[in-house]
Amino acid sequence: MNTERRIPGSLPEPERTLRRRFLADALLVPGGERVSRCLQCGCCTGSCPVSYAMDISPRTVIALFRAAQIEEILRSRTIWICASCYMCTTRCPQAIKITDLLYALKRTAMDSGLYPERFPVYLLSKNFVQIVNRYGRNHEILLLARYYLRHNPLALLQLLPLGWRMFRRGRTSFFPTKIKGLAAIRTMLHAAETLKVPPAKEAVEYGKEVVGYRAVA
Amino acid sequence: MEYLYYPGCSLEYAAKPYDESLRAVFRALGITLTELEDWNCCGATMYMSVDETVSLAISARNLALAEKSGHHDLIAPCSACYTVLLKTNRFLRESPELKAKVDLLLGKAGLRYNLTVNIRHPLDVLVNDVGIEVIGLCAKRTLDGLQLAPYYGCQIVRPERGFDDREFPTTMDRLFERLGASCVYFPLKTRCCGGMLMTTFPDVALKLVAELLECAIANGAHCILTTCPMCQVNLEAYQKRITRKFGSSHDIPVLYFTQLLGMALGCSEKELGLKRNLVPLNKALAELACQPAR
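Notes on the structure in this doc start here. Position numbers for residues start from 1 in each chain and track the written sequence from start to end. All chains are assigned letters beginning with A, and all ligands numbers beginning with 1, in the order in which they are written. The model is predicted, so local features are restricted to residues of pLDDT at least 70 and side-chain atom pairs to those at 80 or more, both for listing and for counting; the totals for chains, interfaces and linings are taken over all residues. The side-chain values count all of the structure's non-hydrogen atoms but skip hydrogen atoms and water molecules.

## Some words on the environment of Lys 189 of chain B
Residue and element names in this part refer to chain B.
Line of reasoning, step 1. The helix count covers DSSP runs of H or I at least four residues long, the strand count covers runs of E at least two residues long, and both are numbered beginning at the N terminus. Relative to the helices and strands, Lys 189 is located in the loop between strand S6 (182-183) and helix H9 (197-200).
Line of reasoning, step 2. Linking Lys 189 and Thr 226, residues 37 residues apart in sequence, is a C-alpha distance of 9.6 Å.
Line of reasoning, step 3. What makes two residues a contact is simply this: any of their non-hydrogen atoms within 4.5 Å. Setting aside anything within four residues of it in sequence, one finds Lys 189 in contact with Pro 150, Tyr 151, Tyr 152, Gly 153, Phe 168, Pro 169, Thr 170 and Asp 173.
Line of reasoning, step 4. A polar contact is formed between the side chain of Lys 189 and the backbone oxygen of Pro 169, at a distance of 2.8 Å. Between N or O atoms, a polar contact is any pair within 3.5 Å; within protein, one atom must be a potential hydrogen donor and the other a potential acceptor, and residues adjacent in sequence are included only when both atoms are from side chains.

## Digging into unusual backbone geometry
Line of reasoning, step 1. Going from Arg 158 of chain B to Pro 159 of chain B, the amide bond is cis rather than trans, its omega being 5°.
Line of reasoning, step 2. Topologically, Pro 159 of chain B is positioned in the loop between strand S5 (147-150) and helix H8 (171-178).
Line of reasoning, step 3. In this structure, Ala 95 of chain A is a non-glycine residue whose phi angle is positive, near 55°.
Line of reasoning, step 4. With respect to the secondary-structure elements, Ala 95 of chain A resides in the loop between helix H6 (87-91) and helix H7 (98-111).

## Observations regarding the nonpolar core
Side chains of nonpolar character tend, in soluble globular proteins, to be buried together.
All names here are of chain B.
Line of reasoning, step 1. Among the nonpolar cores identified, the biggest contains 180 residues, and Phe 176 and Leu 260 are the most heavily contacted of them.
Line of reasoning, step 2. Considering each element in turn, this core owes the most residues, 10 residues, to helix H10 (residues 202-218).
Line of reasoning, step 3. Beyond its immediate stretch of four places on either side in the chain, Leu 260 contacts Leu 143, Leu 146, Leu 148, Phe 176, Leu 225, Leu 255, Leu 285 and Leu 288. Here, the term nonpolar core denotes a set of buried Ala, Val, Leu, Ile, Met, Phe, Trp, Tyr and Cys residues that are joined through side-chain atoms within 4.5 Å. Throughout this description, buried means an accessible area under 20% of the type-specific maximum (1.4 Å probe, protein chains only), exposed means over 50%, and partly exposed covers the range between.

## A few points about the packing of aromatic side chains
Residues and elements named next belong to chain A.
Line of reasoning, step 1. We call Phe, Tyr and Trp rings a pair once their centres come within 6.5 Å, taking the six-membered ring for Trp, and we label the pair stacked below 30 degrees between planes, edge-to-face above 60, and tilted otherwise. Under the definition given, this model contains 8 aromatic pairs over all chains.
Line of reasoning, step 2. Judged by centre distance (5.4 Å) and plane angle (70°), the rings of Phe 22 and Phe 65 are edge-to-face. Of this pair, Phe 22 sits in helix H1 (residues 13-26) while Phe 65 sits in helix H3 (residues 58-66), and the two are 43 residues apart along the sequence.
Line of reasoning, step 3. With a relative accessible area of 12%, Phe 65 lands in the buried category.

## Considerations on the sheet that holds strand S7 (residues 223-226) of chain B
All names here are of chain B.
Line of reasoning, step 1. Any two strands with at least two DSSP-identified bridges between them are counted as paired. Read across the open sheet, the 4 strands follow the order S6-S5-S7-S8; overall the sheet is parallel. Whereas interior strands pair on both sides, the edge strands pair on one side only; in this sheet they are S6 and strand S8 (254-256).
Line of reasoning, step 2. Two elements, S5 and S7, share 3 bridges in a ladder whose sense is parallel. Each bridged residue has a counterpart across the sheet, and for Leu 148 the counterpart in S7 is Cys 223.

## Concerning the sheet that holds strand S4 (residues 118-120) of chain B
Each strand in a sheet pairs with its neighbour through backbone hydrogen bonds, running either in the same direction (parallel) or in the opposite one (antiparallel).
Residues and elements named next belong to chain B.
Line of reasoning, step 1. Within the open sheet, the 4 strands sit side by side as S2-S1-S3-S4. Their pairing is parallel. Pairing within the sheet leaves two strands with one partner each, and these edge strands are strand S2 (32-35) and S4. On average, adjacent strands in this sheet sit at an angle of 40° to one another, irrespective of strand direction.
Line of reasoning, step 2. Bridging between strand S3 (residues 73-75) and S4 involves 3 bridges; their strand directions are parallel. Pairing of Ile 75 across the sheet is with Arg 120, part of S4.
Line of reasoning, step 3. Helix axes use the C-alpha atoms of the stretch in contact, all axes being lines fitted to C-alpha atoms, and the angles between their N-to-C directions lie in the range 0 to 180 degrees. Against the sheet, helix H2 (residues 16-28) makes contact with strand S1 (2-5), S2 and S3, and its axis sits at roughly 140° relative to S2, the strand it touches most.
Line of reasoning, step 4. Each of S1, S3 and S4 touches helix H7 (residues 122-138); the most contacted strand, S4, lies at about 90° to it.

Next up, the structure:
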């Protein structure tokens, strides 16, 4: 049973936290604040080459955000299907940075653990980051091997013939290249940890004395 | 002329022919390419999905190194690197908060970045710095009779307006038409190939690639030209699978634009890594490769 007492017009707790986390990230992106200008015209959905495979369209993402349904967005397939081709951003008549907002939504979903288990994009991105952090450069074979072993080992077998064809033509290597400045990268990563501040507490505490309508940004 | 060169992780192996042919083309035109010392991964689209600040910082490390080397123009041939490095420049310029964070991280690594590096795509450098006329005069073979489908992909023309139109660029078309080839009607020239979706959601990406191949073949192209390692592999490596899935033949050679340009400039097959392509050259291209250089 939900025992939380709500002020009329305010948002439920999980929604508030997720929104705050998302907005803190999205507003850092230059032009991120333009999300509030959306006209709901649907140019983004119409221009998107992969919208046919999404469960909610890019236009609906913004509509749901306005309707305080951010959790539904974060649990959707949509944010993970985006291939980052920037067609929506190019065509948006209000110059909303839709692709960049979807990146911010991905990060919010990952940070909050709101994605299906062993989810492909999450797995691939995490492994990519681990490889780059360790070697300073990406290594395709290592990335694909690690990804498929955890996601779907059978698909790895399917890929072997392609891997062999690439290998015969000198287009793969089994050993990653390590850069010399790895220490510098490590220092930066370490320093980045200290930059992460825990999400700030909301300025106004919702107690008995707060009455009436108050929407949380 | 001299340019600083940032190959990017893909060009080390999977896109080796791109690296080889790019160096060959610049050599043939008498331009020096200096590889950026100890470059690292730009972060691509995937690092950005995990951590924005760190992603920008590791990308900026390359720019800081480039700045330190005293060059102003950095050539990034991979579309993902190109767009990520450009984006880093833009974000750091427009957001003081991100700039401060990134400066702090770079500072820990003993680096500084003052936003003085320009990111250039080799296509932009070849057409706008060297010039189509000069390249035309340097040509040693003619591409007469060759029908091309120049495919730009998404990330060299978007999101910001760069060196060409964001939806209907013509830089590559103009370059190869000067060399004698003709470019077929190819309205999908900046449609997405799916990128990493080929790994994460193959069904979605296979459909996108199938549409691109069908469009090029139906309009009579002898080959597709690409400017990006990701596009090239996606368009080339899955043709058999697409033919099995969608019926009708989807076989068409997919070359890096520098490979064909190198052929026109009289570079040898080996220099251009033509043997490394998965789809063998068809008749039209093989004849061209055999043509003696003037």
